[in-house]
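# An overview of the molecular structure
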There are 2 protein chains.
Amino acid sequence: MSLPKQVRLVEVGPRDGLQNERQPISVADKVRLVNDLSAAGLSHIEVGSFVSPKWVPQMAGSAEVFAQIERKAGVTYAALTPNLQGLEAAIAAGVREVAVFAAASEAFSQKNINCSIAESLARFAPLLEAARARDIRVRGYVSCVLGCPYEGEVAPGKVAEVAGELHAMGCYEISLGDTIGTGTPGKARTLFDTVARAVPRERLAGHFHDTYGQALANIYASLLEGIAVFDSSVAGLGGCPYAKGASGNVASEDVLYLLDGLGIHTGVELPALIAAGQRISEVLGRPNGSRVARARLAQ
Amino acid sequence: MSLPKQVRLVEVGPRDGLQNERQPISVADKVRLVNDLSAAGLSHIEVGSFVSPKWVPQMAGSAEVFAQIERKAGVTYAALTPNLQGLEAAIAAGVREVAVFAAASEAFSQKNINCSIAESLARFAPLLEAARARDIRVRGYVSCVLGCPYEGEVAPGKVAEVAGELHAMGCYEISLGDTIGTGTPGKARTLFDTVARAVPRERLAGHFHDTYGQALANIYASLLEGIAVFDSSVAGLGGCPYAKGASGNVASEDVLYLLDGLGIHTGVELPALIAAGQRISEVLGRPNGSRVARARLAQ
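These numbers were taken from a predicted model, which means no experiment stands behind them. (Residues numbered from 1 in each chain as written. Chains lettered and ligands numbered in written order. Predicted model: local features only at pLDDT ≥ 70, side-chain atom pairs only at ≥ 80, totals over all residues. Heavy atoms only, no water.)

This next bit is on the overall build of chain A. Helices and strands together make up the secondary structure of chain A, namely 12 helices and 8 strands. For 299 residues, the compact-globule formula gives about 19 Å, and the C-alpha radius of gyration of chain A, at 18 Å, lands near that figure. Judged by the C-alpha coordinates and their principal axes, chain A covers about 50 × 45 × 35 Å. A buried classification covers 60% of the 299 residues belonging to chain A. Of the roughly 11,100 Å² of accessible surface on chain A, 51% is carried by carbon and sulfur atoms. When the 28 positive and 30 negative side-chain charges of chain A are each reduced to one mean point, those points stand 1 Å apart. (Helix = DSSP H or I, 4+ residues; strand = E, 2+ residues; numbered from the N terminus. Rg over C-alpha atoms; globule rule 2.2 N^0.38 Å. Buried < 20%, exposed > 50% of the residue type's maximum accessible area, 1.4 Å probe, protein only. Areas by Shrake-Rupley, 256 points an atom, 1.4 Å probe, with all protein chains shown as cover. Lys, Arg positive; Asp, Glu negative; His and termini not counted. Charge placed at Lys NZ, Arg CZ, Asp CG, Glu CD.)

Dropping the structure here:
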């Protein structure tokens, strides 16, 4: 299989990234980050989430962020919504695309969202129905696809099962997340090859964490499997390599550099993306988590 | 082409790594590092270099290091030797394998070793002749194979030419170095495909720097091209990701994790390698440059 000519980058920094940062960040700074990202050419940005601020304090104010961002034509501004209540709040804030998340590991599902995989999928059913009725697109995440912190190895067939159900329920795209970053390229290829039997390949995305430094190798392997959508986080937000227990989001700049080098079109401009990442890193007072950004800014 | 079943890791930390670290390091610490590495299962270790300590003060004492290390059967303990004088000193210290280095970029050759590529090769001729007469194996390095800090792009054909000459002069293996770490997987594949027309593929090695985070993706791409020898540096020595202008050696632990995940045999034990890298990082008082080590040690 040859490499895709074009890739869509799904920027998860403002949501998946910031929710894992320790410092509180103002609505104004979030708005500026989202605007910087769309100005850099990103066409898909996960802006925030509509969850209880009791659980994820960093995501309080998502409605305000949605109200204040400049909405650029052709750009998807998405939000994470765990339930119907979140969906309603998102719709009220003008959101047109939401995301839901399930796990491929029973133990992770229990510890992370306090229910079984089957229960989590059942809970999404009314959300997906309501979304369909209101013409809201829903993206699905599956976590722990290449390993679970509690169970260890996760069978590709189990991932295919969960991804297939989310797709059947109406998710237009399923993002497979290597939550703990333990995957390696051969396993990533086997995974996509297996899941593609349950969900069309063009409906699959890769979400790799760089905890073990394997993210770009896994993305290259996924490209060789025909995967053409990847999630990443500007400046590696949420995955500070200097902190213990970091979640380890792969940095968008590093993914873009890889894709640019392979001659794959994304529509994103590297210098503008680096500037956006450096600006939010300075706001947070943390080192820039992108190696490409550090190399370029040191020149 | 299928992946190789076995890979030889050439550990360059004690030489290429330490020579780029700022802190002075004692002979005893160097000896312990080399012994730790051979105990971890590495079969090829670049221990030091025989160059003027005026130019590379970190490498003073290489003879003492060679005198004091425990020599494990089946392990190659190599030294870098820029000239005949260095070769004689190395042989006197009991060295049985040496390495020479040339560049694929004229500008880099001039600025780095103060002569043209052709002149540098001509200077190696007596060294290679003397080495052959004394039954000393010689490995060749070519730098700037995927980009030059002064010239930018470097033609794969130029790399093939320099590599071909080193091979013809008697180097048993040619290591192709992405000195500034700007390479990406497609370019790495084209490079090896081109150079393999001048030097048999099984005589080629990859030496990737992680300055732009691309090293593991490039190694995976090289494996797909049938390359089965890779240089790396324990704890990412010499490539501190926290410093400006870091050389960016890829961390051996991260390469080993990749190879283990692909089911490729190396004979190296990850826990022992992580311990060796952490010990030298503590001696140097610098953060461990291996993501795998950081992830494992945080558990």
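There's more to say after this.
Next up on the list: the interface of chain A and chain B. Taken residue by residue, the interface counts 35 residues in chain A and 35 residues in chain B. Summed over both partners, the interface of chain A with chain B buries about 2,800 Å², with 57% contributed by carbon and sulfur atoms. Remark: the boundary between chain A and chain B carries 2 salt bridges. Applying the counting rule to chain A against chain B returns 10 residue pairs in polar contact (both at pLDDT 80 or more). Elements that contribute at least two residues to the side of chain A that touches chain B include exactly α8 (185–195), α9 (215–224), α10 (252–261) and α12 (291–297) of chain A. A breakdown of the residues in the side of chain A that touches chain B according to their chemical character gives 16 nonpolar, 11 polar and 8 charged. (Contact = heavy atoms within 4.5 Å. Buried area = accessible area lost by both parts, 1.4 Å probe. Salt bridge = Lys/Arg side-chain N within 4 Å of Asp/Glu carboxyl O. Polar contact = N/O pair within 3.5 Å; in protein donor to acceptor, adjacent residues only side chain to side chain. Nonpolar A, V, L, I, M, F, W, Y, C, P; charged D, E, K, R; others polar.)

The next thing to look at is the side chain of B:N218. Residues and elements named next belong to chain B. Position of N218 relative to the elements: it lies in helix α9 (residues 215–224). Overall, N218 belongs to the buried group, its relative accessible area being 0%. Discounting chain neighbours no more than four positions away, the residues touching N218 are D178, G183, T184, P185, A188 and F208.

Right, let's get into the pattern of salt bridges. Applying the stated criterion to the full structure yields 28 salt bridges over all chains. In this structure, the salt-bridge partner of A:K187 is A:E153, at a minimum N-O distance of 3.8 Å. Separated by 34 residues along the polypeptide, A:K187 in helix α8 and A:E153 in the loop between β5 (137–143) and α7 (156–169) bring together distant segments of the chain. Since its relative accessible area comes to 34%, A:K187 is described here as partly exposed. A relative accessible area of 65% means that A:E153 is categorised as exposed. Here B:D210 ties to A:R291 by a salt bridge, and the two come within 3.2 Å at their closest N and O atoms. Note that B:D210 is positioned in the loop between β7 (204–208) and α9 and A:R291 in helix α12, a pairing that runs across two chains. Side by side, B:D210 and A:R291 carry an identical accessibility label, which is buried. Ionic contacts of the salt-bridge type, sharing partners, join the residues A:R189, A:D193, A:R197, A:R201 and A:E225 into one network.

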